[in-house]
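These are the residues of each chain, in order.
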Amino acid sequence: MPSFGAKPGDTTSSRSVFHLWQGFSIGAVVIGALVLALLGYAVLRYRARGEAIPAQTQYHIPLELAYTIVPILIVFGLFAATLVVENREVANPPTKVTINVNAFQWGWKFSYPGSSAVVVGQTTQDPVMVMPVNTDVHINLTSTDVVHGFYVKAFNFSRYALPGVVNQFTFRALNTGTFFGQCTQLCGLYHSLMFFKVKVVTDAQYQSWLASFSGNTSAAYSSSNALSQQLSTGVATKQTLSSGAK
Amino acid sequence: MRVEAKLLLGLGLFFGLMCAVYWNWSLENAGGVMMFAAMLLGFLPGGYYYFWSRRMRARPEDDPNATAAQGAGVVGTFPGTSIWPFTLGMGAFFTVLALVFGIWLLIPGLGLVGWAAIGGVSESRRGGRV
Amino acid sequence: MTDLLERPAAAEHPEPAEQHGPTGLLKWLTTTDHKVIGLSYTITSVMMLVIGGALAELIRAQLTSPNNTLVSFAQYNELFTMHGSVMIYLFAGPFAFGGLANIIVPIQIGAPDMAFPRLNALSYWLYLTGSITMLLGFFTAGGAANFGWVAYAPLSNSLNTPGAGADLWIGGLLLTGFSAIFTGVNLVATIFYLRAPGMTMFRMPIFTWNLLVTAILILLAFPVLTAGLIMLYADRHFGTHIFSVAGGGVPVLWQHIFWFWGHPEVYILALPFFGMATEIFATFSKKPVFGYKGMVFATITIAALSLGVWAHHMFTTGVVLLPFFSIMSLLIAVPTGIKIFNWIGTMWRGQLWFSTAMLMAIGFLVTFLIGGLTGIYLASPPLDFFTHDTYFVVAHFHSVVMALVLAGMGGLYYWGPKVTGYMLNERIGKAQFWFLFIGTQVFTLPMYALGLDGMPRRMAVYPHDPQWKALNDVASLGALLIGLSTVLFVVNLVVSWKKYPAGDNPWDAQTLEWFTTSPPPHHNFYRLPAIRSERPTWDYNHPEHRALGHGTREESH
Ligand code: HEM
Ligand SMILES: [Cu+2]
Ligand SMILES: [Cu+2]
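Owing to the predicted nature of the structure, the values given are computational and were not obtained by experimental measurement.

Visitor: Is there a simple way to think about the coordination of the copper ion (ligand 2) in this case?
Guide: For a metal bound by four donors in tetrahedral geometry, the ideal donor-metal-donor angle is 109.5 degrees, whereas six donors in octahedral geometry ideally sit at 90 or 180 degrees. All names here are of chain A. Those donors, C183 (SG), Q185 (O), C187 (SG) and H191 (ND1), are the protein atoms that reach the copper ion (ligand 2), and they lie 2.1 to 2.7 Å from it. For the copper ion (ligand 2), the four donor atoms are set out with angles of 83 to 128° between them, so the coordination reads as irregular. Between consecutive donor residues of the copper ion (ligand 2), the sequence gaps follow C-x1-Q-x1-C-x3-H. For C183, a relative accessible area of 0% puts it in the buried group.

Shown next as structure tokens:
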């Protein structure tokens, strides 16, 4: 089946979103083609010839009923498909791995409950969220200031980071690799630069990465101090504070 | 008047139903309150029109066979030109600017609004068939 | 001086009454004539289209390279905020329900003026001053508002966006909001109380029907926005914490309030333009509107549903009832589809005359089809999670709003002769159409692809993804073509200035406004025909070609 411009993505739910996308697209293409064909026919065929006045037909009840009822059926079909994917996507099964994501102007903080791992970075420092492959990862997303958008293109997914609300969802990555993420909800001056990365690694790599933080908490916190200094001067640098993620 | 009343009552009914469903299903109140208000906005004027539609004779505009002559004549009177809408508009302008640039702008703002209110009302009273 | 709102009888042919009273500027300041007010509205809103368009061209120029420094980040935020705000608040709505509606609706139903002429004038002054207020932001030290046209809390609080620009934005919206509410009141009262004899509700032209429903939606939705703005202002300046977590408030409440107005607003904008297209299709097919009653019910259904879908703009907040808003939004596709099929039905077996207005309407139909179909995706939460706040959404709603611009231009070419008494040049008009139509597709289609490839909206730069430059350049080229079409429109106005007299009914159109002179006299009619259908002018001119009911065959000639 054609992809209609979307990509299957690298998580289980991104795959189902992709299939839903394909389903919707087939409907859209068929209906769009039908309407354009009818319109095209009318435009070519009924160009005015002379001054004759055409039959003044105003109603055709069976036809009108048809194009009321058929769309209703289509709509309920689309809705049913939506529900299936949606319920899968918003389900929050219990998981072993949890990551707390905190968005702020203009950066991200990823912390790992049960371990001392913390990754913080702002703008083009591209802080990295490390997560294991083929494992359900529970995300708690919130914001310390304004509304931000947590968007990972390869996961076909975005969710607002709202102040005062903890949004929860689950990713199960299918492939290892590094994926770009970005804030998608306008959050002020440096919104355009509020990047991050998601690094999906094997479970062993993940464990050793976590371990590299133990007894090292102060480093993580001091880096966030350096960060706040940079924030106040508004300078964005390429250097990544969260060296553990490298 | 019947159709007008039914349109508004129907909308009110629909918003009422939607409000009931939403209120019970969602965990959020703002939308329910707003839909409830929307329902009232259908029912209040709709009820008013319905009340009158049963008590008055069909108007020429509701009569499918009315002739133009039936509606001829004076429909209403009003000042043919008036400076007061402009005055009122300027008053509102300064009042809003007072929200931004300083409270002193309320002096011209509310001043013009008050002047326009008096001027406009007395203009209406003077009106009529002149 | 007092005017009598007078309606003539069928046989009367009074001479035009001698006009006395103020002239020149004072005449403009004091007028209560709906045609003059409507024309002022039209001219002002087209100026807003030009201003909003100029801002858009700057946006598109900035995006032609990944790390462009044409404008700063701060300026970019101002640009798209003011572009969106000018286009939505100051152009599209006022153009439709303040401009053409103001002029045409009373004439279409045989009314001598709007029900409250002075209130109508007030609406215009509030609109004009509100527009000035909002634009004043550009001249303040901190610049214009920069929190997006939706002003999400808490970005819009006094901590994150201090400065006069934001307050001027709020103030401007308060003024234009009241202006819209007054226009809504006026339209409803006019349509309910000032119809000509025989003009029953189900004989009103579709344009008038759509404006009635629009006006009702205005009355339902705008007060909510106004209330929200007052809360926002209170949060900013009076120390309340309605939308701030710190003080126990709820930021998402702003989104609920905003979109409870904002989604109906989409239809407040769209329905008048649907009405314009409907009239144009009928006239230039020489046929009645196909499925007239179905059309009316579709409009009412759209309006009713539109109050129950606001949170489809908030799917990704994670705190709204997904299935409810999803099914309600999907259902809107049904009445919208009915309209599309009815438009084609109107053309079917007609005698199509491809005037500029008709071309614009067909362009509207095609463009709106694209925008409508892509809107269906966004009603499905999983697909919205995927595309929300990317250029896919920008592309979707620009397909819709550019369709409205096409219909609106069609409306100007169609009704312009009625209002001014002069036609516009058709050759320039057609050139304008092709620039606008092709430009729109060249502009929107690449943005769909960009969105699917993950380009978020409201980005001044895209340093990580330089590969997006190519598609962005194409979109910018489209924007340029659209800009040129606007230039052609201005050229046309100059070239055709008082050149081609129109006559009363240049298009052999059907509805009542074409029965009177062009331009119509002071109180619109010297005489009225018998009104026996929604097309009194057609019935009068072609008594042997009345509309056929279902199952009726054309009598032999
Ligand atoms: C000349 C034609 C137009 C062009 C080239 C254009 C271009 C754009 C672009 C590129 C953006 C996205 C900016 C960004 O996200 O960084 C945008 C946003 C927007 N446009 Fe347009 N546009 C045009 C016409 C219109 C019209 C006619 C309307 C409405 C009637 C409109 C309403 C909006 C709105 C509401 C936004 C969102 C602003 C925001 O994100 O806060 N545009 N436009
Ligand atoms: Cu952001
Ligand atoms: Cu919406």
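Right, picking up where we left off after that structure.
Visitor: How do you make sense of the nonpolar core when you look at a structure like this?
Guide: Looking at soluble globular proteins, one finds that nonpolar side chains tend to be buried together. Among the nonpolar cores identified, the biggest contains 298 residues, and F150(A), W169(C) and F364(C) are the most heavily contacted of them. The biggest single contributor to this core is helix α3 (residues 73-108) of chain C, with 21 residues. When residues no more than four places from it in sequence are discounted, the contact partners of W169(C) are M82(C), S85(C), Y89(C), M134(C), A145(C), F147(C), G148(C), W149(C), A151(C) and L229(C).

Visitor: Sorry if this is basic, but what is going on with the sheet that holds strand β9 (residues 177-183) of chain A here?
Guide: The strands that make up a sheet are held in pairs by hydrogen bonds between backbone atoms, and each pair lies either parallel or antiparallel. All names here are of chain A. Taken in spatial order, the five strands of this open sheet run β4-β10-β9-β6-β7, and their pairing is mixed. Lying at the two open borders of the sheet, with one neighbouring strand each, are β4 (128-132) and β7 (157-161). Neighbouring strand axes in the sheet, compared pairwise and without regard to direction, differ in orientation by 25° on average. The pairing of strand β6 (residues 148-152) with β7 spans five bridges and is classified as antiparallel. Among the inter-strand pairings, F150 is bridged to a residue of β7, identified as R159.

Visitor: For this particular structure, what's the right way to read the interface of chain B and chain C?
Guide: Interface size is often expressed as the accessible area that is lost when the parts come together. With 66 residues of chain B at the contact, the number on the chain C side is 73 residues. Where chain B abuts chain C, roughly 5,800 Å² becomes buried across the two surfaces, and 75% of that area is made up of carbon and sulfur atoms. Its largest share of buried area at the contact with chain C, chain B owes to M34(B), E61(B) and F78(B), together 12% of the area lost on that side. Between R195(C) and E4(B) there is a salt bridge whose closest N-O contact spans 2.9 Å.

Visitor: Is there a simple way to explain the confidence of the model for chain B in this structure?
Guide: Segments scoring low in pLDDT should not have their predicted coordinates read at a detailed level. Confidence in the prediction for chain B averages 89 pLDDT; 97% of positions are at 70 or higher. Looking over chain B, one finds the lowest element-wise mean pLDDT in strand β1 (residues 73-79) of chain B, namely 76, and the highest in helix α3 (residues 84-101) of chain B, namely 95.

Visitor: Help me understand the coordination of the iron atom of ligand 1 in this model?
Guide: Residue and element names in this part refer to chain C. Distances from the iron atom of ligand 1 to its protein donors, namely H83 (NE2) and H398 (NE2), fall within the range 1.9 Å. Between the six donor atoms coordinating the iron atom of ligand 1, the angles at the centre fall across 87 to 179°, so the site counts as octahedral. With H83 in helix α3 and H398 in helix α12 (residues 391-420), this residue pair connects regions lying 315 residues apart in the sequence. When sorted by exposure, H83 lands in the same class as H398, which is buried.

Visitor: Sorry, what's going on with the domain arrangement of chain B here?
Guide: Taken domain by domain, chain B consists of domain 1 (2-64) and domain 2 (84-126). Taking only C-alpha atoms, the centre of domain 1 of chain B and the centre of domain 2 of chain B are 34 Å apart.

Visitor: I'm lost on the packing of helix α1 (residues 2-25) of chain B against helix α8 (residues 292-306) of chain C in this one. Help?
Guide: Two quantities define a packed helix pair, namely the angle between the axes and the distance from one axis to the other. Between α1(B) and α8(C), the least distance of the axes is 10 Å, while the angle of their chain directions is 35°. Relative to α8(C), the crossing made by α1(B) is right-handed. Seen from α1(B), the contacting residues are L7(B), L11(B), F14(B), F15(B) and M18(B); seen from α8(C), they are I300(C), A304(C) and L305(C). Here the contact of α1(B) with α8(C) is built from residues that sort into eight nonpolar, no polar and no charged.

What counts and how
Residues numbered from 1 in each chain as written. Chains lettered and ligands numbered in written order. Predicted model: local features only at pLDDT ≥ 70, side-chain atom pairs only at ≥ 80, totals over all residues. Heavy atoms only, no water. Donors = N, O, S within 2.8 Å, 3.2 Å for Na, K, Ca; no water. Tetrahedral: all angles 85-135°; square planar, octahedral: opposite > 155°, others 65-115°. Buried < 20%, exposed > 50% of the residue type's maximum accessible area, 1.4 Å probe, protein only. Core = buried A, V, L, I, M, F, W, Y, C linked by side-chain atoms within 4.5 Å. Helix = DSSP H or I, 4+ residues; strand = E, 2+ residues; numbered from the N terminus. Contact = heavy atoms within 4.5 Å. Pairing = 2+ DSSP bridges. Axes fitted to C-alpha atoms, helices over the stretch in contact; angles between N-to-C directions. Buried area = accessible area lost by both parts, 1.4 Å probe. Salt bridge = Lys/Arg side-chain N within 4 Å of Asp/Glu carboxyl O. pLDDT = per-residue confidence, 0-100. Domains from an automatic or database assignment. Left-handed = near helix turned anticlockwise from the far one by under 90°. Nonpolar A, V, L, I, M, F, W, Y, C, P; charged D, E, K, R; others polar.

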